[in-house]
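Observations on the model geometry
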Amino acid sequence: YVYIYFFSTLLNEFSYFLLYFSTDSVWSESVIVAFKFNHKNMKYYLALIIGICTSFVSMSQTNIETTAESSNYAKTSTYKDVMNFVNILDENSDILRIETIAKSNEGREIKVLVIANPMVKSYEDSFDDDRVVVYIQANIHAGEVEGKEATQMLARYFVNNPESEIMENCIVLINPILNADGNEK
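Residues numbered from 1 in each chain as written. Predicted model: local features only at pLDDT ≥ 70, side-chain atom pairs only at ≥ 80, totals over all residues. Heavy atoms only, no water.

1. Topic: the overall build of the chain
- What the chain contains, in helices and strands, is six helices and seven strands.
- Reading the chain from its N end, one meets helices and strands in the order β-β-β-α-α-α-β-β-β-α-α-β-α.
- Expressed as a percentage of the 185 residues in the chain, the buried residues total 34%.
- Counting only contacts in the chain whose residues sit at least 6 apart along the sequence, the fraction spanning at least 24 positions is 54%.
- Summing over all exposed atoms, the chain offers an accessible surface of approximately 11200 Å²; the carbon and sulfur share of this is 56%. (Helix = DSSP H or I, 4+ residues; strand = E, 2+ residues; numbered from the N terminus. Buried < 20%, exposed > 50% of the residue type's maximum accessible area, 1.4 Å probe, protein only. Contact = heavy atoms within 4.5 Å. Areas by Shrake-Rupley, 256 points an atom, 1.4 Å probe, with all protein chains shown as cover.)

In structure tokens, the structure reads:
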């Protein structure tokens, strides 16, 4: 949520903006930014405020679609599509890390997504962590495309909801394509 409050005083030449950013309607999880500016420079301050609002709103959600979603479920993701999808999630989140766990016979990297809030530094750190470690594996056999698409959507959900009850209590490991070579056949 982004709330913008604007008020101006008749007593002097200054106006004030109060911006309130929140992941929900709870004040305790919010950021408040106040601006005082001179009317002579109003257009520059308005541009700055609009830029900040746009940044906060776009940062709050990663809205990338899977190949299945963007094709109205007429197509499925290639290996390259999945890697692009998870890389975009990774670039836009500090609760997701991508690790390579193996290479396929044809040289494709088998990836696992580590999703945790707060993030663990290594898998060894999860041994002493009180959270439950959940491993989800998809696309084990060629042609099993539903799991691959669903795990991408699930990873996106976690990235977009880092304060969810699941993220508070779990470290989630997702392997969206175990059979990377079979996926391409």
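Moving on, there is more to tell.
2. Here we look at the pattern of salt bridges
- Taken as a whole and assessed by the stated rule, the structure comprises seven salt bridges.
- Residue Asp181 pairs with Arg108 through a salt bridge whose shortest N-O separation is 2.7 Å. With Asp181 in helix H6 (residues 180-183) and Arg108 in the loop between strand E4 (96-103) and strand E5 (109-115), this pair connects stretches of sequence that are 73 residues apart.
- A single salt-bridge network, built from bridges that share partners, covers Glu106, Arg108, Asp181 and Lys185. (Salt bridge = Lys/Arg side-chain N within 4 Å of Asp/Glu carboxyl O.)

3. Let's talk about helix H4 (residues 145-160)
- The end-to-end C-alpha distance of H4, which contains 16 residues, comes to 23 Å, matching closely the 22 Å that a straight helix rising 1.5 Å per residue would cover.
- Looking only at H4, the buried set comprises Lys148, Glu149, Thr151, Gln152, Ala155, Arg156, Phe158, Val159 and Asn160. (Expected span 1.5 Å × (residues − 1).)

4. As for the environment of His141
- Mapped onto the fold, His141 is located in the loop between strand E6 (132-137) and H4.
- Polar contacts involving the side chain of His141 include one to the side chain of Glu144, which spans 2.8 Å. (Polar contact = N/O pair within 3.5 Å; in protein donor to acceptor, adjacent residues only side chain to side chain.)

5. As for the sheet that holds strand E7 (residues 170-175)
- Taking strand neighbours across the sheet as the criterion, the four strands line up as E4-E5-E7-E6 in an open arrangement whose pairing is mixed. Only two strands of the sheet have a single partner each, and these edge strands are E4 and E6. Adjacent strand axes in the sheet meet at a mean angle of 20° when their direction is disregarded.
- As defined by bridge partners, E6 adjoins E7 across six bridges and the pair is classed as parallel. Residue Tyr135 lies in a different strand from E7, and its bridge partner there is Leu173.
- Against the sheet, H4 engages E4, E5, E6 and E7, with an angle of about 150° to E7. (Pairing = 2+ DSSP bridges. Axes fitted to C-alpha atoms, helices over the stretch in contact; angles between N-to-C directions.)

6. Examining the side chain of Glu149
- As for its position among the elements, Glu149 is in helix H4.
- For the buried Glu149, no salt bridge is present, and the opposite-charge side chain at shortest range is Lys148, 4.2 Å distant.
- Reaching out from Glu149, the side chain makes a polar contact with the side chain of Thr76 at a distance of 2.8 Å. (Lys, Arg positive; Asp, Glu negative; His and termini not counted.)

7. Describing the packing of helix H3 (residues 79-91) against H4
- For the pair H3 and H4, the least separation of the axes is 10 Å and the interaxial angle reads 10°. Between H3 and H4, the angle is such that the two are roughly parallel. Of the residues in H4, those touching H3 at Val82, Phe85 and Leu89 are Lys148, Gln152, Ala155, Arg156 and Val159.
- Classifying every residue of the contact of H3 with H4 gives five nonpolar, one polar and two charged. (Parallel < 35°, antiparallel > 145°, perpendicular 65-115°, else oblique. Nonpolar A, V, L, I, M, F, W, Y, C, P; charged D, E, K, R; others polar.)

8. Some words on H3
- The first and last C-alpha atoms of H3 sit 18 Å apart over 13 residues, in line with the 18 Å expected at 1.5 Å per residue.
- Within the sequence span of H3, burial applies to Tyr79, Val82, Met83, Phe85, Val86 and Leu89. Buried residues in H3, looked at end-on, bunch into an arc of 160°, giving them a common side. Facing away from the buried side of H3, by more than 90 degrees, are the exposed residues Lys80 and Glu91.
- Where H3 is buried, its residues touch E4, E5, H4 and H6. (Arc of directions from axis to C-beta.)

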